[in-house]
Amino acid sequence: MFNVNNEFKLTNSHDCLVIGLFNKPSGLEGVTAEADQLFDGQLTELVKNGEISAKKKAVSKIHTFGKTGAKKLYFVGLGHEKELDFETLREAFGRLFKTSKTEKWTEAAVLLDTFTSDAVELNDAAHALSEALAMATYEFEGYKQKSNEPEKRIENLTVYSVDEEGEVEAALEVGYAFGKATNSARTLVNTPGNLLTASDMAEYAKKLAEKYEFEAEILEKEEMEKLGMGALLAVNQGSAEPPKMIVLKYQGKEEWTDVIGLVGKGITFDTGGYSIKTKAGIVGMKSDMGGAAAVLGAMEIIGELKPEQNVVAVIPSTDNMISGTAFKPDDVITSMSGKTIEVLNTDAEGRLVLADAMTYAKHHGANYLVDIATLTGGVITALGLHTSGALTNNEALFEQVLEASYEAGEPIWRLPIFERDLERVRSSKIADLNNSPGAEGHMIMGGAFVGEFAEGTPWVHLDIAGTATTGKDHDLGPAGATGVMARTLALLVERFEPIK
Ligand code: BES
Ligand code: ZN
Ligand code: ZN
């Protein structure tokens, strides 16, 4: 895909040549100034009258009619040099590659050195470029009879840059791995519930394990019964589909120590159960395995990059259905941890399946736990559709998650858990916990419930109910699944420092 080349000349022939353009009152510089001479100063004119724009993320095109080796020049606006940051650059490249898709490019070259500043180094620019290429050109194929015609895609991207140590090439590969794994997570989330059952998800995980040599364990219903996973089993009780507890282990250290547990909610469809959702609220609930998809996406990146870390991924998977055998409000169930739970709302099923998954992650040696889930509508009320909610019992672990989310451009915001919140989670008169202590502070109630199963192990909870999907096209992808948190989790793992 990428071809790094350090011998740029304006006479080199390409279909499209991409150049970064900072907003500078002093006029055009470098290659752009050289090109301007070939055009007798007309580029300067076009910049002046705004037809070529240096505004952040603006993409402008000119035809060269043989004056340069490239048939078309694309200028990507980067704003003022001092203001450029990694995220803006990634989004600017996203815009560019969206254009590439509509214009059906197959070959192009990028002058990477024109996209760097004091704050954005060459390797960062390379990562931003390849990640954006993968993400912005993503499309969910869908199931239309006519969708099989292959789309023209960029097959060859020349990246002009000095790359003495091969670092640019490596950064391009890393960014591409991040982008592609995000797309894998998106496809899982976009796939409807009838075509992605718990068994299908387990098959997917097994294939991933084979490809990257992870250890895989898929627990069947009988084994769950033996282990006493009463919470996951209760949610599955109304389903015709068998549940799966999916475990993937990646060992990047000599010893199985400092193990990071990634626990992802894998509800393949959430009807709400007997606490049934409304006819409007139920549509889109195929995305209730967004947490599982994020974990699988992160594992794909981990498989590609092989960091020196230990990771256990645990995904509890089932759908949440209604039938004569389904669990009901008022039922009391016993989780694997031994904690009993009064079910007040069968639609608060995510915290139930996560409860057993958290315990099982600890059983596999997890010393740190991060759970990711489309858990509550409450997070949308609290934080809107662009920010994922977070909770924690450990400042130091949270700091590391925050740092990773910042770098991935996937914002999170932390809400508190106070003693009085825990009192509400523990307020059942007949069981240890109740799964729905009322609408106030929904997101906190959901997450705090899950935190009860960390039992003191450092833990961060990420509620992605508002961010796992989007109704709108954006710079880095189309409407639909976002693949949110796959990259954050992978970065967390890659950079992880054990907590003393
Ligand atoms: N899967 C839903 C949460 C959800 C809502 C995800 C909107 C994506 C978009 C979850 O299982 C749920 O139904 N949560 C309830 C909890 C309540 C019944 C305690 C909620 O948030 O309304
Ligand atoms: Zn639910
Ligand atoms: Zn749910």
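Residues numbered from 1 in each chain as written. Chains lettered and ligands numbered in written order. Predicted model: local features only at pLDDT ≥ 70, side-chain atom pairs only at ≥ 80, totals over all residues. Heavy atoms only, no water.

Description of the pairing of strand β6 (residues 156-160)
β6 sits mainly inside the fold: 4 of its 5 residues count as buried. The pairing of strand β1 (residues 2-5) with β6 spans 4 bridges and is classified as parallel. When the sheet's bridge partners are listed, Asn3 is paired in β6 with Thr158. In this structure, strand β5 (residues 107-111) lies alongside β6, joined through 5 bridges in parallel fashion. The partner of Ala109 across the bridge, within β6, is Thr158. (Buried < 20%, exposed > 50% of the residue type's maximum accessible area, 1.4 Å probe, protein only. Helix = DSSP H or I, 4+ residues; strand = E, 2+ residues; numbered from the N terminus. Pairing = 2+ DSSP bridges.)

Remarks on the site of ligand 1
Surrounding ligand 1, one finds 17 residues, the nearest of these being Lys277, Asp288, Asp347, Glu349 and Gly377. In this structure, an oxygen atom belonging to ligand 1 sits 3.2 Å away from a side-chain N or O atom of Lys265. Look at ligand 1: alone it shows 520 Å² of surface, and the protein chains cover 84% of it. Residues of the shell around ligand 1, tallied by class, amount to 4 nonpolar, 6 polar and 7 charged. (Near = heavy atom within 4 Å. Polar contact = N/O pair within 3.5 Å; in protein donor to acceptor, adjacent residues only side chain to side chain. Areas by Shrake-Rupley, 256 points an atom, 1.4 Å probe, with all protein chains shown as cover. Nonpolar A, V, L, I, M, F, W, Y, C, P; charged D, E, K, R; others polar.)

Remarks on the pairing of strand β8 (residues 244-251)
In summary, the side chains of a regular strand alternate between the two faces of the sheet. With 7 of 8 residues buried, β8 is to be regarded as a mostly interior element. Bridge count for strand β7 (residues 215-219) against β8 is 5 bridges, and the pairing is antiparallel. Paired with Ala216 across the bridge in β8 is Leu248. Two strands pair when backbone bridges link them, and β8 and strand β11 (residues 310-320) are joined in this way by 8 bridges, in the antiparallel orientation. Across the sheet, residue Val247 finds its bridge partner in β11, namely Val314.

What to know about the side chain of Glu452
By secondary structure assignment, the location of Glu452 is in the loop between α14 (442-451) and β18 (459-463). Here Arg426 takes part through its side chain, which lies 2.7 Å from a polar atom of the side chain of Glu452. In contact with Glu452, other than residues within four places in its own chain, are Lys339, Leu422, Val425, Arg426 and Leu433. (Contact = heavy atoms within 4.5 Å.)

Some words on helix α4 (residues 122-136)
Here α4 spans 21 Å end to end across 15 residues, near enough to the 21 Å set by a 1.5 Å rise per residue. Counting buried residues in α4 gives 12 out of 15 residues, a clear majority hidden from the surface. Three or more residues of α4 are buried, namely Ala125, Ala126, His127, Ala128, Leu129, Ser130, Glu131, Ala132, Leu133, Ala134, Met135 and Ala136. Here the buried face of α4 lies against β1, α3 (86-102), β5, β6, α5 (167-190) and α15 (486-495). (Expected span 1.5 Å × (residues − 1).)

Quick notes on the nonpolar core
Core analysis: the biggest nonpolar cluster contains 55 residues, and Leu248, Leu262, Met299, Val370, Ile372, Leu462 and Leu489 have the highest contact counts within it. Not counting the four nearest positions on each side in its chain, Leu489 is found in contact with Leu262, Ala294, Val295, Ala298, Val370, Ile372 and Leu462. Membership of the second largest hydrophobic core comes to 47 residues, among which are Leu354, Ala366, Phe453 and Trp459. (Core = buried A, V, L, I, M, F, W, Y, C linked by side-chain atoms within 4.5 Å.)

As for the coordination of the zinc ion (ligand 2)
Distances from the zinc ion (ligand 2) to its protein donors, namely Asp270 (OD), Asp347 (O), Asp347 (OD) and Glu349 (OE), fall within the range 2.0 to 2.2 Å. Geometry at the zinc ion (ligand 2) is irregular, judged from its 6 donor atoms and the angles of 73 to 168° they form at the metal. For the zinc ion (ligand 2), the donor residues sit on a single chain with the sequence spacing D-x76-D-x1-E. Here the zinc ion (ligand 3) and the zinc ion (ligand 2) are spaced 3.2 Å from one another, each receiving a donor from Asp270. Assessed through its relative accessible area of 0%, Glu349 is described here as buried. (Donors = N, O, S within 2.8 Å, 3.2 Å for Na, K, Ca; no water. Tetrahedral: all angles 85-135°; square planar, octahedral: opposite > 155°, others 65-115°.)

Some details on the domain arrangement of the protein
Splitting the protein by domain gives domain 1 (2-164) and domain 2 (191-495). Between domain 1 and domain 2, the residue contacts involve 15 residues of the former and 13 residues of the latter. Buried area between domain 1 and domain 2, both sides added, is near 1,200 Å², and the carbon and sulfur share of it is 54%. Remark: the boundary between domain 1 and domain 2 carries 4 salt bridges. Salt-bridge contacts for Asp473 lead to Lys98; the nearest nitrogen and oxygen are separated by 3.1 Å. Our count for the domain 1 to domain 2 interface comes out at 8 residue pairs in polar contact (both at pLDDT 80 or more). (Domains from an automatic or database assignment. Buried area = accessible area lost by both parts, 1.4 Å probe. Salt bridge = Lys/Arg side-chain N within 4 Å of Asp/Glu carboxyl O.)

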